[in-house]
Amino acid sequence: PTPGGITNGGFETGSFSGWTTAGTTSISSTAHTGSHSGQAGGTSATNGDSSISQTFTVPSGSSTLSFWYQVHCPDTVTYDWATATLKDNTTGTTTTILAKTCNNNATWVKVSASVTAGHSDTLTLISHDDNYASDPTYTLFDDVNVS
C-alpha cells in the first residue's frame, strides 16, 4: 500500500502512476482541477467494467476519502453506470461509496467516505458499459484525496 494516502490523486503526472488499471482506461485532458483526470471506459463501446484502483494506508489524523467524478452515460443505469467501492483491507469490509449512477449532464460531483487512520484501504473507481455501440459510457475521476 502507498504510505501517507493517495499517490497521484489528480493524475497530474499524465499517467496512472500509483494506480492499477483494468479494462479500457486513459488519461483525459478534461479535469476537475489541474490538467488531467483518469478515464475509465471509452468513447467507443466497451464490454463490462473498466476500473482504476489504488491500495493505500490512511495517514494518521485522516478520516475522509474524497474524489470527484463526471459520468458520461447516454444509456440508463440498468445497463451502464459509474460506481466506486472502498475496501478496508484491515477489517475485510467493502463499502459501495458511489451507488450505480448514470446521467449525461457532464457535471463534476464530489463523493466522500469515512476512512480509519492506520488502515490499509483499496479504492476502486469503476465505469461499466454494456458494449452497445450507440451509447458508449465512460467516467472521469479526479482529485482523489485523503484528509
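Every value quoted in this text rests on a predicted model; they were computed, and no experiment measured them.

Here is what the cut-offs are and how they apply
- Residues numbered from 1 in each chain as written.
- Predicted model: local features only at pLDDT ≥ 70, side-chain atom pairs only at ≥ 80, totals over all residues.
- Heavy atoms only, no water.
- Core = buried A, V, L, I, M, F, W, Y, C linked by side-chain atoms within 4.5 Å.
- Buried < 20%, exposed > 50% of the residue type's maximum accessible area, 1.4 Å probe, protein only.
- Helix = DSSP H or I, 4+ residues; strand = E, 2+ residues; numbered from the N terminus.
- Contact = heavy atoms within 4.5 Å.
- Phe/Tyr/Trp six-rings, centres within 6.5 Å; stacked < 30°, edge-to-face > 60°.
- Lys NZ or Arg CZ within 6 Å of the ring centre and 35° of its normal.
- Pairing = 2+ DSSP bridges.
- Axes fitted to C-alpha atoms, helices over the stretch in contact; angles between N-to-C directions.

(A) Fine view of the nonpolar core. W19, L65, F67, I97, L123 and L125 are the most contacted members of the largest nonpolar core, which has 26 residues in total. Those elements that place two or more of their residues in this core are β4 (47–57), β5 (64–72), β6 (81–88), β7 (93–101), β8 (109–114), β9 (120–130) and β10 (138–146). Per-element tally for this core: the top contributor is β5, with four residues. Apart from residues lying up to four places away in sequence, W19 is in contact with I6, T7, N8, G9, F11, I52, S53, Q54, L123, L125 and V144.

(B) Highlighting the packing of aromatic side chains. Scanning the model with the defined rule gives three aromatic pairs in all. Of note, K100 hangs over the ring of W81, and the distance from its end group to the ring centre comes to 4.0 Å.

(C) Summary view of the pairing of β6. β6 sits mainly inside the fold: six of its eight residues count as buried. Here β6 pairs with β7 via six bridges, running antiparallel. Within the sheet, the bridge partner assigned to A82 lies in β7 and is T101. Where β6 folds back onto β7 in an antiparallel hairpin, the turn is made up of four residues, including G92, whose phi is positive at roughly 80 degrees.

(D) Spatial organisation of the sheet that holds strand β2 (residues 25–28). If you trace the five strands from one edge of the open sheet to the other, you get β2-β3-β10-β5-β8, paired in antiparallel fashion. Strand pairing shows two members of the sheet lacking a second neighbour, β2 and β8, which therefore form its edges. Going across the sheet, the axis of each strand differs from the next one's by a mean of 30 degrees, ignoring polarity. For strand β3 (residues 37–41) and β10, the ladder comprises four bridges, and the chain directions are antiparallel. Among the inter-strand pairings, G41 is bridged to a residue of β10, identified as Y138.

(E) Molecular detail of the side chain of S62. Along the chain, S62 turns up in the loop between β4 and β5. Under the relative-accessibility criterion, S62 is labelled buried at 11%. In this structure, S62 is in contact with V115, A117, V146 and S147, ignoring residues within four places of it in sequence.

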